[in-house]
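Fold and geometry: a report
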Amino acid sequence: MPLINVRTNISDVPEAGALLKKLSSALAAATGKPESYVMTLLESGVPMTFAGSEEPCAYVEIKSIGSLAPPAMTDQFCGLIKASLGIAKDRIYIGFDDVNASDWGWNGRTFG
């Protein structure tokens, strides 16, 4: 049920599959949830600006049923994205969403 969605204005993301796998493993570890439930998304080439500039930037959404720790996870995922994509940490926003189990569907039902 943990989900991480990275949107960036970088068009050519090198080794996108490797980045998705790193994000999946990191999110499973950060939430303490099995990686078999983690979903990762990468949307590249998204028209975006940050502070009025089209320099590389990213918006990251992290959703889970509980187990979110925004302060620690912000530093962790900003660092991972900086290392992988070269985007400065001060050009990354992260939105966290703690979802109710009854509002998250999977396999024809909800978790709550």
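Rules used in this analysis
- Residues numbered from 1 in each chain as written.
- Predicted model: local features only at pLDDT ≥ 70, side-chain atom pairs only at ≥ 80, totals over all residues.
- Heavy atoms only, no water.
- Core = buried A, V, L, I, M, F, W, Y, C linked by side-chain atoms within 4.5 Å.
- Buried < 20%, exposed > 50% of the residue type's maximum accessible area, 1.4 Å probe, protein only.
- Helix = DSSP H or I, 4+ residues; strand = E, 2+ residues; numbered from the N terminus.
- Contact = heavy atoms within 4.5 Å.
- Pairing = 2+ DSSP bridges.
- Right-handed = clockwise from strand over helix to strand, strands pointing away.
- Phe/Tyr/Trp six-rings, centres within 6.5 Å; stacked < 30°, edge-to-face > 60°.
- Lys NZ or Arg CZ within 6 Å of the ring centre and 35° of its normal.
- Axes fitted to C-alpha atoms, helices over the stretch in contact; angles between N-to-C directions.
- Parallel < 35°, antiparallel > 145°, perpendicular 65-115°, else oblique.
- Left-handed = near helix turned anticlockwise from the far one by under 90°.
- Nonpolar A, V, L, I, M, F, W, Y, C, P; charged D, E, K, R; others polar.

Among the nonpolar cores identified, the biggest contains 23 residues, and Ile-4, Val-60, Ile-62, Phe-77 and Ile-92 are the most heavily contacted of them. Counting residues per element, the ones that place at least two in this core are strand 1 (3-8), helix 1 (16-31), strand 3 (58-64), helix 2 (70-85) and strand 4 (92-98). Looking at which element gives the most residues to this core, the answer is helix 2, with six residues. Beyond its immediate chain neighbours, meaning those up to four positions away, Ile-92 contacts Phe-50, Ala-58, Val-60, Cys-78, Ile-81 and Ile-87.

Bringing the pairing of strand 4 into the picture now. In this structure, strand 3 lies alongside strand 4, joined through seven bridges in parallel fashion. What sits directly across from Ala-58, in strand 4, is Ile-92. Regarding topology, helix 2 serves as the crossover connection from strand 3 to the parallel strand 4, and that connection is right-handed.

Enumeration according to the criterion identifies four aromatic pairs in this entry. Consider the rings of Tyr-37 and Trp-106, whose centres lie 5.5 Å apart with planes at 70°: the pair is edge-to-face. Here Trp-106 lies in strand 5 (residues 105-106) and Tyr-37 lies in the loop between helix 1 and strand 2 (39-43), a separation of 69 residues in the sequence. Residue classification places Tyr-37 among the partly exposed residues on the basis of a relative accessible area of 31%. Taking the centre distance of 6.1 Å and the plane angle of 70° together, the rings of Tyr-37 and Phe-111 count as edge-to-face. In this pair, Tyr-37 is assigned in the loop between helix 1 and strand 2 and Phe-111 in the segment after strand 6 (109-110), connecting sequence segments 74 residues apart. Relative accessible area serves as the criterion here: at 26%, Phe-111 is assigned to the partly exposed category. Grouped by ring-pair contacts, the aromatic residues Tyr-37, Trp-106 and Phe-111 constitute a single cluster. Lying across the ring of Phe-111, Arg-109 places its NZ or CZ 5.9 Å from the centre.

So, about the packing of helix 1 against helix 2. Across the interface, helix 1 lies against helix 2 with an axial gap of 11 Å and an inter-helix angle of 165°. Looking at the two axes, helix 1 sits roughly antiparallel to helix 2. Considering the relative orientation of helix 1 and helix 2, their crossing is right-handed. Every residue of helix 2 that contacts helix 1 at Leu-19, Lys-22, Leu-23, Ala-26, Leu-27, Ala-30 and Thr-31 is listed here: Met-73, Gln-76, Phe-77, Leu-80, Ser-84 and Leu-85. For the contact of helix 1 with helix 2, a count of residues per class yields nine nonpolar, three polar and one charged.

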